[in-house]
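Listed here are the chains, written in short residue letters.
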Amino acid sequence: MEETHTTPMPADTPDSADFDPIADFADFARAQADPLLTDLTDPQRDAVEHAEGPLLILAAAGSGKTRVITRRVAHLVRAGVPPWSILALTFTNKAAGEMRERVTGLLAEIGAARTGGLTITTFHSLCARLLRRYADIANIPGLNPDYTIYDSSDQQALVKRSIANLGLNTSNWAPRAVLSAISNAKNEMMDAEAFAATASDFYARTIATIYKSYQDGLRRANAVDFDDLLLLTVRALQTCEEAREEVQHRWRHVMIDEYQDTNKVQFVLASLIAAQPDNTPPNICVVGDPDQSIYGWRGADIRNILEFEDQYAATRVIALGENFRSTAPILATADTLIRRNKMRKHKDLFTSRDGGELVELTLCADERHEAELVTDWFRARQQDGVEWKEMAVFYRMNALSRVMEDELRRAGFPYVIARGTAFYEREEVKNALSYLRVVANPADDVSLRRILNKPTRGIGATTIARVDTIAYKNQSSLFDALRLIAQGGVEFDLTARAQSAITKFVAMIDAWTGHGAFLGADVSSSLEELTERVITESGLEKHYKSKAEKSGEAPDEDRLANLEEVISSAHEFEQEYSPEDDPAFNNPQTPENSSESPDHNSESTSAELLETPPLLSMLRAYLETVSLVSDADAIDPASGAITLMTLHAAKGLEFDAVAIIGLEDGLLPHSRARESQAELEEERRLCFVGITRAKQRLLMTSARYRTHRGLRERAIPSQFLNELDQTHLIVSDQADHGAGGWEDEDTWAARGRASRGGWENSRSRSRSSRSANSASQEADGWENATGDSGGGAEYGLSVGVRVRHPQFGVGMVEAITMSGANSRARIKFHDVGVKTLVLQYARLDVIN
DNA sequence: ACCGGTGCTCTCTAT
DNA sequence: GAGCACCGGT
């Protein structure tokens, strides 16, 4: 189906004189008429038209990558490839959703007869579904299709228990560090046994022991972590021929976006799925840019993209280099920066467009000043005619968003923070979902522990410890132990009171699940109803209601509203859910192609799954969806607001006006990256990603002082600022014009002298909203730096004083406590009730 | 059993 | 400035 590029053209076509060589005109004319080929450069068109065999698209930032992939998919369909045999993988739901939307649009535009059954999804989502589909036949001990997906906090809870159960100390064995080691191992496809086999020293051997215990805990709980999702799916496909043949037979074209960020497991997964039964070269098309590889720390292996050509013989490589997004100064800035990376294949970034505003670099006094300057800059951009939704602020750490938020709120500018997971991390939401998880999977100990005594129902720590013992003796889950107790008959070392509380709890769960059958008159008929029942009958709702009554104020209205929100999210999910589209159930197929769909050899798995009660399978799918939400998913292009997000979340997006804040040593590059060249280069790529998101205007800021961990510290401008192309920059030193008017001889131009490193300099403590001019304070020699001398008094705060807080509004000081290093003020705010704030850091202004 | 206060510790990025 | 563990009061 490859069309040649040498078709003769009609000699007398009117516009032919404009083109040289003339022979290209036929292509041009054909492309103009073809919605899939119009407005493409030659390499873009080659990529779109490539049909069979491995294809590597090296797509530089802003080179029209998305356009190429979506058109290529549509092109395949038009060429006769059945949509259900195409699999496209992304990293976020949002990217998948966008791709799906655009492909669907294109298919409609070209009037494609068959459009259904395309699989465009994320790695994790695909694996979650495959794992449910093959859980029963994959022979993974303990795993069944009701499994729970553990998020970071669940992992944390489990690994802490594992460490404690081994008689180890969580202060010597930091859960975070242990989990990171386990994650790295899983990304390298090492299970606990393989890890133990390579462990040579005491540290590694201990980690291996914890890994084993943690993994046992997951299996017993019928739970998987994010890494397992991928790893166990790969194991299932490797060991289960039936499963492997099914996916290989189904998907004949595999496309992977952001390929530079794939890890080993993802590589193996893709290879497994794409492999052709007859060993012909796989139809695998990967798109990526090594310069935008920013997930090395979570196991992404850049070799996947660098060595793709070696992995697959006869790979076609197409480079998309021309940038259609950014102005020349922005692009030149990005280019000079990324050139500093030594471990890099050079490629030119180029644009054919001229003009464009210079990139701005502003040095600010501190983070509040920075936020003010950025806000002013946005005000100016708005006056230029840029819409709010075309503006964005990027930062290295989520913690940097707060001050920016305060300032934007103060200015009355609309903004949204890209934190899709934030809602699900809230205590009350997490609790509601934990109840649902226990309903779906009673073996899930971590979720059960979270809600067993929430609201308090007389099953306290002592009781749980005793139940633990019973569970341990029986090698059963916690819930099975509870059930055993509820059934009575056996003597347990429990008070009658505790036993009755447990009996009631078990009966409550049983009522919701119809004793696990999800059938019967008493069982909910809809997910929404189930969710509502769980929230009310568990007492959660009442719990937050009565709390609100006690404090006499409004804050818990928030929580109640969030619980309502969970119910409506369940309702929404229910509306859109259809079991036929759930690949865990079924290989999806559309009516018109069902006869040719390869799905008829899988009755064994489908039959089992079809026996699943509909409510249960819907609940599984709902919990799965909720578990796999990402921060980037929260970005709503139609929101009409300035977007705030981390640099990592910014990948793949573009905005007219971009501000990157916090360009300071220790922040960007992050302090952890200082020791290693590889990590430093990843930080540079991260900065590069941020810069290349900007279409028209770019502002970068660096603050002289920044309050970090509650400590106001001297900051040094990022080395990256030094590496930028000065001819495209306007540098503006506003540091002395900040609120406090800090006098200091150290300008950013003198940064070279400040070789001590970023954060560890002065330990000076002062309120960030200082009212006094502090010109006499020497950053390095401030006496009495621990700040325990004066407490609130030195700021004129005392009981009865009225204060204003940027977020909480106006309030009155009720009490000041001075103990240890932290002085706290209890303040009663008019709007949000009583809060206790650490005085040194609270953004308080005294008012009259 | 539960709650609030307190003091200490430590932070990145994210599916 | 958040999260956590611990302690003391109810």
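My aim in this report is to walk through the structure given alongside it, one point at a time. (Residues numbered from 1 in each chain as written. Chains lettered and ligands numbered in written order. Predicted model: local features only at pLDDT ≥ 70, side-chain atom pairs only at ≥ 80, totals over all residues. Heavy atoms only, no water.)

A word on the pattern of salt bridges. Within the structure shown, the criterion is met by 55 salt bridges. The salt bridge partner of D291 is K347, with a shortest N-O separation of 3.1 Å. Of the two residues, D291 sits in the loop between β7 (284-288) and α13 (303-306) while K347 sits in the loop between α15 (328-338) and β9 (359-364), which places them 56 residues apart along the sequence. The class of D291 is buried, set by a relative accessible area of 3%. In this structure K347 comes out as partly exposed when scored by relative accessible area, which is 23%. E428 is the salt-bridge partner of R559, the closest N and O atoms lying 2.7 Å from each other. (Salt bridge = Lys/Arg side-chain N within 4 Å of Asp/Glu carboxyl O. Helix = DSSP H or I, 4+ residues; strand = E, 2+ residues; numbered from the N terminus. Buried < 20%, exposed > 50% of the residue type's maximum accessible area, 1.4 Å probe, protein only.)

Take the sheet that holds strand β6 (residues 253-256) next. Ordered in space as β3-β2-β6-β7-β1-β8, the 6 strands form an open sheet in which the pairing is parallel. The sheet is open, and its two borders are formed by β3 (119-122) and β8 (316-320), each paired with just one other strand. Going across the sheet, the axis of each strand differs from the next one's by a mean of 15 degrees, ignoring polarity. Where strand β1 (residues 55-59) meets β7, 4 bridges bridge the pair, whose relative direction is parallel. When the bridges of β7 are listed, L55 appears paired with C285. Taken strand by strand, helix α3 (residues 65-78) contacts β1, β2 (86-90), β6, β7 and β8, and its axis lies near 170 degrees from that of β6. (Pairing = 2+ DSSP bridges. Axes fitted to C-alpha atoms, helices over the stretch in contact; angles between N-to-C directions. Contact = heavy atoms within 4.5 Å.)

Our next topic: the environment of T122. Following the sequence through the fold, T122 ends up in strand β3. A relative accessible area of 4% means that T122 is categorised as buried. Once the C-alpha coordinates of T122 and E309 are considered, the two residues, 187 residues apart in sequence, prove to be 24 Å apart. Excluding residues that lie within four positions of it along the chain, T122 makes contacts with L89, T90, F91, T92, N93 and A96. A polar contact is formed between the side chain of T122 and the backbone nitrogen of S125, at a distance of 2.9 Å. (Polar contact = N/O pair within 3.5 Å; in protein donor to acceptor, adjacent residues only side chain to side chain.)

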